[in-house]
2 protein chains.
Amino acid sequence: MSFSDDTSVRDLGEGRFDAPIRPGWDIAGNANGGYLLALVGRAMATHCRRPDPVTLTAHYLSPGREGPATVRCETIKEGRRFATVSDDMEAGGRGVLRALGAFGSLDDGPGGPERVDASPPELPPVEDCIHSASGEGFAPPFMRHMDLHLHPEDAGFRVGEPSGEARMRGWFRLPGSDRVDPIGLLLGLDAFPPTIFNARLPVGWTPTVELTCHVRARPVPGWLRARFTTRFVTGGFLEEDGELWDEAGRLVAQSRQLALVPRPD
Amino acid sequence: MSFSDDTSVRDLGEGRFDAPIRPGWDIAGNANGGYLLALVGRAMATHCRRPDPVTLTAHYLSPGREGPATVRCETIKEGRRFATVSDDMEAGGRGVLRALGAFGSLDDGPGGPERVDASPPELPPVEDCIHSASGEGFAPPFMRHMDLHLHPEDAGFRVGEPSGEARMRGWFRLPGSDRVDPIGLLLGLDAFPPTIFNARLPVGWTPTVELTCHVRARPVPGWLRARFTTRFVTGGFLEEDGELWDEAGRLVAQSRQLALVPRPD
């Protein structure tokens, strides 16, 4: 099954959608947060009839497990440029996530001034990077659904040799598709291994409290370059900042998430 | 009136609050976005009985003008660490903002590993910085409610000499209070002049679509150091990233907002 099939939703009317959590998108049985966000993002975009999640925030309430799930959308405001939409996802009788987003069309940009003070991450060619679902070490099931190749300098954590920098860089693509659409960007923004895995800290699981994604442009066909960094591991929290760049060298999406840093056992 | 008085709310029961938008917190008649977020943050914290907005996202729907306003809170989840709360603010019969946040107590941190790969902004002493409500140039009314002193290198835009870097740095404090509490941090994260004013681009008004704040710690008494930067002005949007640091040298809050960059007239 493709990403597009696995994030398809069925409109039940009155803002309700069947949005089953498909098999194989999990890590240790719990669906990946980016996959869940893509699923609800698809429902929200359908509901408000605007294609692009310009900014979308999710609060993760409980793990989503494979099986039936329902999404309930509410349009809060219908503006000229954007619709503001809220969303609840439930599965197994529990709230899985709550989302709030602004949807519009990225074609409607006003063509104003441009200025970029940043560069895409430098990466070795894809064939010299490390396929995330290959070989030994950390390779959760959901990574088999994507072409995710880590920068060799950032892949050592998989064999017990973290880089010492709280950073993950690599290539991202969805198999069977020539480009990643804005819904696919939501997946790409939460598909990479946690930056903390490279930080040489006694931290394992870092559950996401909140994730906000900004989609800045529709990617051109081809691979995306990704960079995720963490600057602050403090007070039991960390933030993770993400960027996705397309083959035209444009930033296409940004993210920031707040995650818990549990005390080591 | 103090910030604390001007963000006080009255609990009407069943999640409803009177939260009037007080005079003088505006720019050209429209209340500052950070002030509005503090007002609803106060209502949300009261509603869920958790003091600190650990992460709070607001979507700005229409300008908030001085006068009566109602906030309606809904607790989505009561967890052990956090309550997840949604919120609508209405004034003059229109939705002003919609917020979604996780509230808890920043005292409950697990005391896990710490790592910081960043430093507070270097600033000249307060007395050598530029009071934002003084003198000529950009000094909107709401800035009179706070001690906001800009780094001299970032203050030239006020007299038509922008620095050329999309950055704002300075000191922040609330008069009559020895420290900024977490609700006050929400104000501090959206009180500085827009970074774009220093970018030498033909951009004036940049309305905020969405603002997400992470409160990472309660500040110690004293001044806060602030830094705001923008790296991407593209496709009719910009992001603005904020940091507030306390006098103990700790990051106490982070923010990112997505704003529109209207086409020049």
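Refer to the preceding data block for the structure.
Residues numbered from 1 in each chain as written. Chains lettered and ligands numbered in written order. Predicted model: local features only at pLDDT ≥ 70, side-chain atom pairs only at ≥ 80, totals over all residues.

Enquirer: Could you clarify how one ought to interpret the overall build of chain A in this entry?
Expert: Helix and strand counts for chain A stand at three helices and 17 strands. Taken over the C-alpha trace, chain A has a radius of gyration of 18 Å; the compact-globule value for 265 residues is 18 Å, and the two agree within 12%. Each of the three principal axes of chain A carries a C-alpha extent, and together these read 50 × 45 × 40 Å. Of all 265 residues assigned to chain A, the portion counted as buried reaches 54%. Pairs at least 24 residues apart make up 69% of the contacts formed inside chain A by residues separated by at least 6 positions. (Helix = DSSP H or I, 4+ residues; strand = E, 2+ residues; numbered from the N terminus. Rg over C-alpha atoms; globule rule 2.2 N^0.38 Å. Buried ≥ 20, exposed ≤ 12 C-beta atoms within 10 Å, placed from the backbone. Contact = placed C-beta atoms within 7 Å.)

Enquirer: Looking at this structure, how should I read helix H2 (residues 33-48) of chain A?
Expert: Owing to its 3.6 residues per turn, the α-helix brings residues three or four apart onto one side. Residues and elements named next belong to chain A. When the terminal C-alpha atoms of H2 are compared, their 22 Å separation across 16 residues agrees well with the 22 Å that a helix rising 1.5 Å per residue should span. Among the 16 residues of H2, 15 are classified as buried, and the element is accordingly described as predominantly covered. Backbone geometry just downstream of H2 places Arg 49 in the positive-phi region, at approximately 55 degrees. (Expected span 1.5 Å × (residues − 1).)

Enquirer: Any chance you could explain the nonpolar core here in plain terms?
Expert: The nonpolar side chains of a soluble globular protein tend to be buried with one another. Counting 168 residues, the largest nonpolar core has Val 40 of chain A together with Val 40 of chain B as the members making the most contacts within it. Shared between two domains, this core takes at least three residues from each, and those domains are domain 1 (1-105) and domain 2 (125-265) of chain B. (Core = buried A, V, L, I, M, F, W, Y, C linked by C-beta atoms within 7 Å. Domains from an automatic or database assignment.)

Enquirer: Honestly, the interface of chain B and chain A in this entry has me stumped. Any pointers?
Expert: With 50 residues of chain B at the contact, the number on the chain A side is 50 residues. Of the residues contributing to the side of chain B that touches chain A, the split by class is 24 nonpolar, 15 polar and eleven charged. Across two bridges, strand S15 (residues 232-234) of chain A lies against strand S9 (residues 115-116) of chain B in antiparallel orientation. Bridge pairing links Phe 232 of chain A to Val 116 of chain B in S9 of chain B. (Nonpolar A, V, L, I, M, F, W, Y, C, P; charged D, E, K, R; others polar. Pairing = 2+ DSSP bridges.)

Enquirer: Sorry if this is basic, but what is going on with unusual backbone geometry here?
Expert: Phi is mostly negative for residues that are not glycine, and the peptide bonds are mostly trans. In the Ramachandran plot, Arg 49 of chain A falls in the positive-phi region, its phi being about 55 degrees despite a non-glycine side chain. With 10 C-beta atoms packed within 10 Å, Arg 49 of chain A lands in the exposed category. At Ala 28 of chain B, a position not held by glycine, the phi torsion is positive, near 55 degrees. Here Ala 28 of chain B shows up in the loop between strand S3 (26-27) and strand S4 (30-31).

Enquirer: Looking at this structure, how should I read the relation of the copies chain B and chain A?
Expert: Each of the two chain copies can be generated from the other by rotation about an axis followed by a shift along it. Of the transformation placing chain B onto chain A, the axial shift is 0.0 Å and the rotation is 180 degrees, giving an RMSD of 0.0 Å. These values place the two chain copies in the arrangement generated by a two-fold rotation axis. Interface residue correspondence from chain B to chain A reaches 100%, placing this contact among same-surface, isologous pairings. (Least-squares fit on C-alpha atoms with pLDDT ≥ 70 in both.)

Enquirer: Looking at this structure, I do not really get the environment of Arg 200 of chain A. What am I missing?
Expert: Residues and elements named next belong to chain A. Mapped onto the fold, Arg 200 is located in the loop between helix H3 (182-188) and strand S13 (208-215). For Arg 200, a count of 16 C-beta atoms within 10 Å puts it in the partly exposed group. When the C-alpha atoms of Arg 200 and Phe 157 are compared, they prove to be 8.9 Å apart, with 43 residues separating the residues in sequence. Dropping the residues within four chain positions of it, Arg 200 is found in contact with Pro 162 and Gly 164.

Enquirer: Just checking my understanding: could you explain the environment of Phe 103 of chain A for this structure?
Expert: Residues and elements named next belong to chain A. Position of Phe 103 relative to the elements: it lies in strand S8 (residues 94-104). Separated by 21 residues in the primary sequence, Phe 103 and Phe 82 have C-alpha atoms spaced 5.3 Å apart. Aside from chain neighbours lying at most four places away, what touches Phe 103 is Met 44, Ala 45, Cys 48, Arg 50, Asp 52, Pro 53, Val 54, Phe 82, Ala 83 and Val 85.

Enquirer: Quick question: what am I supposed to make of the pairing of strand S14 (residues 224-229) of chain B here?
Expert: Every regular strand shows the same layout, with side chains that alternate between the two sheet faces. All names here are of chain B. Burial runs high along S14: five of the six residues are buried. In the sheet, S14 pairs with strand S16 (residues 237-245) via five bridges, with the strands oriented antiparallel. Looking at S16, one finds that Thr 229 is bridged to Asp 241.

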